[in-house]
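Coordinates in review
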Amino acid sequence: MAAPAPKHLTIVVTSVNVKKIDQKAYGIKKQMCQVKITVGDKEVKTANLVGLDPQWEETFEFDIVDEKETKVFSTFYMDTEEDQKQIGDVQQFLLPVLIDGKPLYKGHVVPGGVVNMMFTAKGFGKADEPEDTDGLMDLMDGGMEMD
């Protein structure tokens, strides 16, 4: 019997935009942003970049044993490494809803903005089903009736 195909998760943390955050309310002294991703017992962090809308485009790879049991979380931080504060809640993402082989946008909503990420499942998730374009084709062929 052949071994099951390896299961793999790729997360690309692309950017954040928190231009509407009330920095004084959160005690933020320096405009620096960082994201922590936790998949099972593995934890990774993006670089701590300056600004309210940094772009990371950082890719993280994870081996997945059981997508139904593996927990995935993201946490957003602001300020310098020494004074870093968690901004907003920890967000959990569900792996079984991903589509095998297809990048899927995931947003982590934080006060004053959102962290943008792309998740790609490899070897697990739902099968990619072709979109039903019949209705679209009817409209393009003049399938709309008018009185």
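Structural data are supplied above this passage.
Rules behind the numbers
Residues numbered from 1 in each chain as written. Predicted model: local features only at pLDDT ≥ 70, side-chain atom pairs only at ≥ 80, totals over all residues. Heavy atoms only, no water. Helix = DSSP H or I, 4+ residues; strand = E, 2+ residues; numbered from the N terminus. Buried < 20%, exposed > 50% of the residue type's maximum accessible area, 1.4 Å probe, protein only. Areas by Shrake-Rupley, 256 points an atom, 1.4 Å probe, with all protein chains shown as cover. Phe/Tyr/Trp six-rings, centres within 6.5 Å; stacked < 30°, edge-to-face > 60°. Pairing = 2+ DSSP bridges. Axes fitted to C-alpha atoms, helices over the stretch in contact; angles between N-to-C directions. Salt bridge = Lys/Arg side-chain N within 4 Å of Asp/Glu carboxyl O. Polar contact = N/O pair within 3.5 Å; in protein donor to acceptor, adjacent residues only side chain to side chain. Contact = heavy atoms within 4.5 Å.

Digging into the overall build of the protein chain
The secondary structure content of the protein chain amounts to two helices and ten strands. If you list the helices and strands of the protein chain from N to C, you get β-α-β-β-β-β-β-β-β-β-β-α. Put simply, the protein chain has 147 residues, and 37% of those count as buried. Summed over all atoms, the accessible surface of the protein chain reaches about 9200 Å², with 52% contributed by carbon and sulfur.

Some details on the packing of aromatic side chains
One pass over the structure, following the stated rule, counts one aromatic pair. Ring centres 5.0 Å apart and planes at 50° place the aromatic pair Phe93 and Phe119 in the tilted group. Taken together, the positions of Phe93 in strand 8 (residues 91-93) and Phe119 in strand 10 (residues 113-122) put the pair 26 residues apart, joining distant regions of the chain. With respect to burial, Phe93 and Phe119 carry one shared label: buried.

Here we look at the pairing of strand 1 (residues 7-17)
Remember that side chains alternate between the two faces of the sheet whenever the strand is regular. In terms of burial, strand 1 is largely enclosed, as eight of its eleven residues are buried. Where strand 1 meets strand 5 (residues 55-64), eight bridges bridge the pair, whose relative direction is antiparallel. Among the inter-strand pairings, Lys7 is bridged to a residue of strand 5, identified as Ile64. Pairing of strand 1 with strand 10, which is carried by nine bridges, proceeds in the antiparallel orientation. Considered in strand 10, the bridge of Leu9 is made with Ala121.

Section: the sheet that holds strand 1
If you walk across this open sheet you meet the four strands as 5-1-10-9, and the pairing is antiparallel. Each edge of the sheet is formed by a strand with only one pairing partner; in this case those strands are strand 5 and strand 9 (104-110). The sheet shows a mean angle of 25° between the axes of neighbouring strands, direction not considered.

Re the pattern of salt bridges
Per the stated rule, a full pass over the model turns up five salt bridges. The partner of Lys19 in a salt bridge is Asp53, and the shortest N-O contact between them spans 3.2 Å. Of this pair, Lys19 sits in the loop between strand 1 and helix 1 (23-26) while Asp53 sits in the loop between strand 4 (49-50) and strand 5, and the two are 34 residues apart along the sequence. Close ionic contact of Glu43 with Lys36 constitutes a salt bridge, the shortest N to O distance being 3.7 Å. By relative accessible area, which is 49% here, Glu43 ends up partly exposed. The buried category is assigned to Lys36, whose relative accessible area is 16%.

Quick look at the environment of Lys7
Positionally, Lys7 belongs in strand 1. For Lys7, a relative accessible area of 24% gives the class partly exposed. Measuring from C-alpha to C-alpha, the distance between Lys7 and Asp66 comes to 8.2 Å, with 59 residues separating the pair along the chain. Reaching out from Lys7, the side chain makes a polar contact with the side chain of Glu67 at a distance of 2.8 Å.

Focus on the side chain of Thr75
Looking at where Thr75 falls in the secondary structure, it is placed in strand 6 (residues 72-78). The buried category is assigned to Thr75, whose relative accessible area is 4%. Those residues in contact with Thr75, other than ones at most four positions away along the chain, are Gln34, Val35, Lys36, Gln86, Val90 and His108.

Take it as geometry only, folks, not as evidence of what the structure does.
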